[in-house]
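A look at the structure
Chain by chain, the residues run as shown.
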Amino acid sequence: MPSYTVTVATGSQWFAGTDDYVYLTLQGTSGCSERHLLDKPFYNDFERGAVDSYDVTVEEDLGEIQLIKIEKRKYWYQDDWYLKYVTVKTPVGDYLEFPCYRWITDEKEVVLRDGRAKLPRDDKTQILKQHRRKELESRQKMYRWKEWHPGFPLSIDAHSHSELPRDIQFDNEKGIDFILNYTKAMENLYINRFMHMFQSSWSDFADFERIFVRISNTISEYVMQHWKEDFMFGYQFLNGCNPVLIRRCTEIPKKLPVTMDMVECSLERNLTLEEEVKQGNIFIVDYELLDGVDANKTDPCTIQYLAAPICLLYKNLENKIVPIAIQLGQKPGPDNPIFLPSDATYDWLLAKIWVRSSDFHIHQTVTHLLRTHLVSEVFSIAMFRQLPAVHPLFKLLVPHMRFTIAINTKAREQLICECGLFDKANATGGGGHVQMVQKAMKDLTYRSLCFPEEIKAKGMDSKEDIPYYYYRDDGIKVWEAIKSFAEDVIHIYYESDEVVCEDVELQAFVKDIYVYGMRGVKASGFPKMIKTRETLAEYLTVIIFTASAQHAAVNFGQYDWCSWIPNAPPTMRCPPPTEKGTVTIEQIVESLPDRGRSCWHLGAVWALSQFQDKELFLGMYPDEHFVEKPVKEAMAKFRKNLDEIVNTITERNKNKKLPYYYLSPDRIPNSVAV
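- As recorded in an unreviewed UniProt entry, the protein goes by the name Polyunsaturated fatty acid 5-lipoxygenase, listed as coming from Lepidothrix coronata.
- Per its UniProt entry, the protein bears the Pathway (unreviewed entry) comment "Lipid metabolism; leukotriene A4 biosynthesis."
- The Sequence similarities (unreviewed entry) field of the UniProt record for the protein holds the comment "Belongs to the lipoxygenase family."

Below, the structure is given as C-alpha cells:
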C-alpha cells in the first residue's frame, strides 16, 4: 500500500506546542485518505520548536496531493498550537511543502495548499477554486473595517488586542503593554523618583540633566550639548526624526512678511532675499496644520498651549541649513512678531523652542501615526481580506504586515484613546491629535507616499544643492532596492500586463484600500485598479517601503532627538510671546514641560525607540511562504543589494559626530510593530 512520510513543524514561540489530539487528512486528485491520528495527549509530539515525522499509509494512490487538512481536538483545556509547516514525501519520492505559519485554536482545523504561489487564473479544478473562495470568505468575517474617528482611514473592528484574530496578535501581550513599558522605561532611566512632583517646574536648563541619561558619544548627548545652536536646529529638518517637512521656498508667502532689512545680516552671498529665493537657497517649514487645533485641557491644574509657526531657513556658504526668521502664528500683525537671529538671545531661543515643540506634534501625529501606522494598517486589513495565502502577493506582503494591526489596536486601547497615555504629557492630547489627523487626511495622497516623487515635489532632490540630506540619499537607495525586488517577484508570476488586469484578487485588494482605507476620496490619488506590471511594482514598493523604511526613519530616532526635553517639548505651559525684548530664562523654563510630564515624555520616547525582541529586519524572511527557487533567488539578490547599502552607509558614517543610520537596512524592521 502507498505510504507518505509527513513532517510537521511546530513554532518556537512560548506556548506554541500542544497536547491535544491532532489528525491529518490528505486530499489528492484521485481520492482522499482516511483521517489519521498523528498525536495523542502526553505523547510529547508537537512540543515547542519540534519537528515530528509520521508515516501515513493509504489504501490506494491518491494522485497529486492538492490539500491537507490538520484538525486539533481538545483534550482537557484550551491549548493553542502554532503550526509552521507540513512537508509530505510521496510514494514516488517527491517532496511537497505546505506552509502554514498560523495558530490553530480551540477545536479548529486548517486546510493547506502546497507552497507554490498561484494566481486565480492558475486554479483549474473546482476543489482548489472552492478552497480559495472559502478562505477569503472566512477572513472577511474575521477582518472587518471600522471607523475609529470620522475622517480617519478605516481600521480593524476590534476594541482590544484580545479581540483580534489569534494569528495577528503579539506572541506576548505584556511585551507591548504601553503602560507597563512606559513605567518600566522610567524605572530603567531612574526618573520615576520625579513623578510625585508632577506639576513642579525645573529650575533651569541644567536641571533637565537630572532626568537625562548621559550615554557618551551618542546623538542624544550631542543634541544636549548643541541644541541651542542654529546649525543643530536646521540640521534636524534634514536628518532628525521628522525630516519630511522642509521644502525649497519658491516664493515668500504673504502671511510671512519678511523684508530684506530683517534678514540681510543672515545672508552670505551679497544677494537680495528675492535673489536668494530664485537661486534656491531659501527653505521653508510651515506648521499651518496646527492652526486652530485645541490644546490639551484634560488637566485643569495646567494650561497648555500650541502654536502654528512658520520658519524660514537659509543654505549658507558651508551648505548648512540655518534658520533666519520665525513667526509663531499664521496671521501677521503687531502681536505676532517675526523673530530673527539678531534678536535678543532668549527671544530667538524661545522662538526656536516653539518650532521644535510644533515639529514634535506634527511628527508624532501626522508623520508617524497617520502616515506609517494607520496607512500600514489599511494595507494589512485589505491584504487579509482580499489575498488568499496561496497568492504570490500575500506571500510577498505578509512579513511586512507582521504585528501592525496588533500594535495599532493596542495604541487605540491604551495610548491615543480618550484619557490614554498620550493625554498625560502632550499638548495635542485630549482630542487635538484627532483634529490633526482629520486635517492631515487632505494631504495624504498616493503620490506623497512615493518616496522619490515626494522628495522631488518638495524641491529637495538635488544632491549637489543639498549635499547633507542623508534621509533622502539613503531612502532612495532603499526604495530602489525594494522596487527591484518587487519587480523580480512580479515578473515571475505576471507574464504580461494583461495578467495583472485579470487578477481579480489583486484588483479587489487595491479597491479595498481605496474605498475603505482611503474612504473613496478621489483627490487621494490612490488607484482603484492596477493595469500594468510597472504600476504594480510601484504600488507594492509604496506598501513595503511605508511599513519598513519610512516607519524606521521616523520612529527609531525618537530617543536620540527628543530625549533632551528643551529640544522637543511635548507641551508648552505659557503662550507664545507676542512681543520682543521681554523673554527671560525663567520664562523659558516656566514654558517648558513640568517634571512629571518630562518624565512621561522621556519614558515614551525611550520605549518607542526600542526594537522588538527577535526583531526581523528588512529582507529577513524566516517564514518560508515562498517555496519556488526563482523567488528565493530574488530574495537573495534583494539581501545582497541591502547589504551593499549597509556597507555604504557604514562607510559614510565613520568618524561622524552625527551619524545617520535610521535607514540602514540592518536597522529597518520589516514591519510597523512598535
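That shown, we press on.
1. Quick notes on the overall build of the protein
- The helix and strand tally for the protein stands at 20 helices and 15 strands.
- Expressed as a percentage of its 674 residues, the buried residues of the protein come to 59%.
- Considering only contacts in the protein between residues 6 or more positions apart, those separated by 24 or more positions represent 75%.
- Carbon and sulfur atoms form 50% of the exposed surface of the protein, whose accessible area is close to 27800 Å².
- Charged side chains of the protein number 80 positive and 95 negative; the gap between the two group centres comes to 1 Å.

2. Structural notes on the environment of Tyr-471
- As for its placement among the helices and strands, Tyr-471 is situated in helix H13 (residues 470-493).
- Spatially, the C-alpha atoms of Tyr-471 and Tyr-660 are 7.8 Å apart, while their sequence positions differ by 189 residues.
- When near neighbours in sequence (up to four residues on either side) are disregarded, Tyr-471 contacts Leu-238, Asn-239, Pro-243, Val-244, Phe-451, Ile-455, Gln-550, Ala-553, Tyr-660 and Leu-663.

3. As for the packing of helix H15 (residues 504-517) against helix H16 (residues 533-555)
- It is at 13 Å that the axes of H15 and H16 come closest, and there the two elements cross at 50°. When the interaxial angle is binned, H15 and H16 end up oblique. Read as a crossing pair, H15 and H16 show a hand that is left-handed. Here Leu-506, Phe-509, Val-510 and Ile-513 of H15 lie close against H16, whose contacting residues are Leu-536, Tyr-539 and Ile-543.
- Among the residues forming the contact of H15 with H16, the class breakdown is seven nonpolar, no polar and no charged.

4. Some details on the packing of aromatic side chains
- A complete count under the given rule lists 25 aromatic pairs for this structure.
- Ring centres 4.5 Å apart and planes at 5° place the aromatic pair Phe-485 and Phe-638 in the stacked group. Taken together, the residues span a long stretch of sequence, with Phe-485 in helix H13 and Phe-638 in helix H20 (residues 629-653) at a distance of 153 residues.
- Residue class for Phe-638 comes out buried when judged on its relative accessible area of 2%.
- Ring pairs connect the aromatic residues Phe-451, Tyr-469, Tyr-471, Trp-479 and Phe-545, which therefore count as one cluster.

5. Side note on a negative patch on the surface
- Taken together, the side chains of Glu-34, Glu-59, Glu-60 and Asp-61 make up a negatively charged region of the molecular surface.
- Structurally, Asp-61 is set in the loop between strand E4 (51-57) and strand E5 (65-73).

6. Examining the pairing of E4
- By the alternation rule, side chains of E4 split into Asp-52, Tyr-54 and Val-56, which are all buried, and Val-51, Ser-53, Asp-55 and Thr-57, of which none is buried.
- Here strand E1 (residues 3-10) pairs with E4 via seven bridges, running antiparallel. What sits directly across from Val-8, in E4, is Asp-52.

7. Quick notes on the sheet that holds strand E2 (residues 21-28)
- On the basis of which strands lie adjacent, the open sheet formed by four strands has the order E3-E2-E5-E8 and antiparallel pairing. Strand pairing shows two members of the sheet lacking a second neighbour, strand E3 (36-39) and strand E8 (109-113), which therefore form its edges. Averaged over all adjacent pairs, the angle separating strand axes in this sheet is 25°, with direction ignored.

8. With respect to the nonpolar core
- Membership of the largest hydrophobic core comes to 164 residues, with the highest contact counts inside it found for Ile-246, Tyr-494, Phe-509 and Trp-561.
- Looking at which element gives the most residues to this core, the answer is helix H7 (residues 345-386), with 20 residues.
- When neighbours within four sequence positions are excluded, Phe-509 is seen to be in contact with Phe-379, Ala-382, Met-383, Gln-386, Leu-387, Leu-397, Tyr-539 and Ile-543.

9. Comments concerning the sheet that holds strand E13 (residues 310-315)
- With antiparallel pairing, the five strands of this open sheet are ordered in space as E11-E12-E13-E14-E15. Among the strands making up the open sheet, the edge pair consists of strand E11 (247-248) and strand E15 (338-339).
- Judged from the two bridges that link them, E11 and strand E12 (residues 282-286) form a sheet pairing that is antiparallel. Note on E12: the bridge partner recorded for Arg-247 is Ile-284.
- Taken strand by strand, helix H4 (residues 230-239) contacts E12, E13 and strand E14 (321-327), and its axis lies near 95° from that of E14.
- Strands in contact with H7 are E14 and E15; relative to E14, the strand with the most contacts, it is inclined by about 95°.

10. As for the side chain of Ser-609
- Structurally, Ser-609 can be placed in the loop between helix H19 (595-608) and H20.
- Excluding residues within four positions of it along the chain, Ser-609 makes contact with Asn-555, Phe-556, Gln-558 and Tyr-559.

11. Quick word on the UniProt feature "binding site: Fe cation" (unreviewed entry) in the protein
- Per the UniProt record, "binding site: Fe cation" (unreviewed entry) is found at His-368, His-373 and His-551. A maximum C-alpha distance of 7.8 Å among these annotated residues, which run over 184 residues, shows that they cluster at one spot.
- Within the secondary structure, His-368 is located in helix H7.
- Contacts of His-368, omitting those with residues within four sequence positions, involve His-363, His-373, His-551, Val-554, Asn-555 and Gln-558.
- Dropping the residues within four chain positions of it, His-551 is found in contact with His-368, Thr-372, His-373, Thr-546, Phe-556, Val-672 and Val-674.

Conventions used here
Residues numbered from 1 in each chain as written. Predicted model: local features only at pLDDT ≥ 70, side-chain atom pairs only at ≥ 80, totals over all residues. Heavy atoms only, no water. UniProt positions renumbered as here; feature names shortened; annotations may be inferred. Helix = DSSP H or I, 4+ residues; strand = E, 2+ residues; numbered from the N terminus. Buried < 20%, exposed > 50% of the residue type's maximum accessible area, 1.4 Å probe, protein only. Contact = heavy atoms within 4.5 Å. Areas by Shrake-Rupley, 256 points an atom, 1.4 Å probe, with all protein chains shown as cover. Lys, Arg positive; Asp, Glu negative; His and termini not counted. Charge placed at Lys NZ, Arg CZ, Asp CG, Glu CD. Axes fitted to C-alpha atoms, helices over the stretch in contact; angles between N-to-C directions. Parallel < 35°, antiparallel > 145°, perpendicular 65-115°, else oblique. Left-handed = near helix turned anticlockwise from the far one by under 90°. Nonpolar A, V, L, I, M, F, W, Y, C, P; charged D, E, K, R; others polar. Phe/Tyr/Trp six-rings, centres within 6.5 Å; stacked < 30°, edge-to-face > 60°. Patch = residues over 30% accessible without salt bridge, like charges linked within 9 Å, V, L, I, M, F, W, Y side chains within 5 Å. Salt bridge = Lys/Arg side-chain N within 4 Å of Asp/Glu carboxyl O. Pairing = 2+ DSSP bridges. Core = buried A, V, L, I, M, F, W, Y, C linked by side-chain atoms within 4.5 Å.

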